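Overview (structure and organization)
Chain by chain, the residues run as shown.
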Amino acid sequence: MNPPYDSSINGSSAVGTVTSDLLAPFTRLLDLLDEPEAITTLSPLIVREIHYRLLTSELAGRIWQIASSGNQANRISRAIGWLRVHYSERLNIEELASHVQMSTTTLFHHFRKHTSMSPLQYQKWLRLNEAQRLMLNDNFDASRAAFQVGYESPSHFSREYTRLFGMSPKRHIEILRKGTNP
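Residues numbered from 1 in each chain as written. Predicted model: local features only at pLDDT ≥ 70, side-chain atom pairs only at ≥ 80, totals over all residues. Heavy atoms only, no water.

When helices and strands are tallied, the protein shows ten helices and zero strands. Traced from its N-terminal end to its C-terminal end, the protein shows the element sequence α-α-α-α-α-α-α-α-α-α. Burial status across the protein gives 31% buried among its 182 residues. Counting contacts in the protein only where the partners sit at least 6 residues apart, residues at least 24 apart contribute 53% of the total. Accessible surface, the protein as shown: approximately 11500 Å² in total, 52% of it carbon and sulfur. (Helix = DSSP H or I, 4+ residues; strand = E, 2+ residues; numbered from the N terminus. Buried < 20%, exposed > 50% of the residue type's maximum accessible area, 1.4 Å probe, protein only. Contact = heavy atoms within 4.5 Å. Areas by Shrake-Rupley, 256 points an atom, 1.4 Å probe, with all protein chains shown as cover.)

If you want it as structure tokens, here you go:
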């Protein structure tokens, strides 16, 4: 498969057509939730099919651009990967920039271009979503979740959580558990 080239690709998002060939593996992946013993074996195969479907879609050029080593999109993809692993640690922008072989200014510019967020905003988003998962799935209280994801102050965590989700952590988790739309 030869990589498509499209020099007009830029920005933080793209819109494409969801075909039945692309939707089917996503459906099968979700269906595995009803068959937990098969997840470990089958999910990597289904994810691989999703990658194939995306690489043969109308957005293939965008995906190739992100995956191609040495370009800015790939470096931002690596920065995102690094943040996903180190989200609970104090963010050192110089270390992150060095890891992806970019200056801090270039990192900020391209990170915002590709994600519509700064690296710090993205880290905060990761932390808050992981805290939500811990409270919802693992029954952590807000303070424990806050410390687990790297916050030093439960009150600071609560303020940021409320800013992102529109309500306090406790109230939001109660609503999510009831299955009502907040």
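Time to look at the pattern of salt bridges. Within this structure, the stated rule accounts for seven salt bridges. In this structure, the salt-bridge partner of Arg28 is Glu49, at a minimum N-O distance of 2.1 Å. With Arg28 in helix α1 (residues 20-31) and Glu49 in helix α2 (residues 36-55), this pair connects stretches of sequence that are 21 residues apart. Judged by its relative accessible area of 22%, Glu49 falls in the partly exposed class. A salt bridge links Glu160 to Lys124; its shortest N-O distance comes to 3.4 Å. Of this pair, Glu160 sits in helix α9 (residues 154-165) while Lys124 is found in helix α7 (residues 119-137), placing the two residues 36 residues apart along the sequence. Each member of the salt-bridge network shares a partner with another, and the members are Arg28, Glu49 and Arg53. (Salt bridge = Lys/Arg side-chain N within 4 Å of Asp/Glu carboxyl O.)

So, on to helix α4 (residues 72-86). For α4, spanning 15 residues, the distance from its first C-alpha to its last is 21 Å, which sits close to the expected 21 Å at 1.5 Å a residue. Among the residues of α4, those classed as buried are Ala73, Asn74, Arg75, Ile76, Ala79, Ile80, Trp82 and Leu83. (Expected span 1.5 Å × (residues − 1).)

The next subject is the nonpolar core. Ranked by internal contacts, the top residues of the largest apolar core, which has 28 residues, are Leu83, Leu96, Leu107, Phe111, Met135 and Phe157. Elements that contribute at least two residues to this core include exactly α4, α5 (93-99), α6 (104-115), α7, α8 (142-148) and α9. Those residues in contact with Phe157 that lie beyond four places of it in its chain are Leu128, Ala131, Met135, Ala142, Ala146, Tyr151 and Pro169. (Core = buried A, V, L, I, M, F, W, Y, C linked by side-chain atoms within 4.5 Å.)

Let us now look at the packing of α4 against α6. Two numbers describe how α4 lies on α6: the axes approach to 10 Å, and their chain directions differ by 90°. Judged by the inter-axis angle, α4 sits roughly perpendicular to α6. In this structure, α4 uses Gln72, Ala73, Ile76, Ala79, Ile80 and Leu83 to contact α6, whose residues at the interface are Thr106, Leu107, His110, Phe111, His114 and Thr115. Of the residues contributing to the contact of α4 with α6, the split by class is seven nonpolar, five polar and no charged. (Axes fitted to C-alpha atoms, helices over the stretch in contact; angles between N-to-C directions. Parallel < 35°, antiparallel > 145°, perpendicular 65-115°, else oblique. Nonpolar A, V, L, I, M, F, W, Y, C, P; charged D, E, K, R; others polar.)

On to the side chain of Arg127, then. Among the structural elements, Arg127 can be located in helix α7. Although Arg127 is buried, it forms no salt bridge, and the closest oppositely charged side chain is Glu160 at an N-O distance of 6.4 Å. Among all residues touching Arg127, those that are not within four sequence positions of it are Tyr87, Ser88, Glu89, Arg90, Val149, Gly150 and Tyr151. (Lys, Arg positive; Asp, Glu negative; His and termini not counted.)

Geometry only, nothing functional implied.
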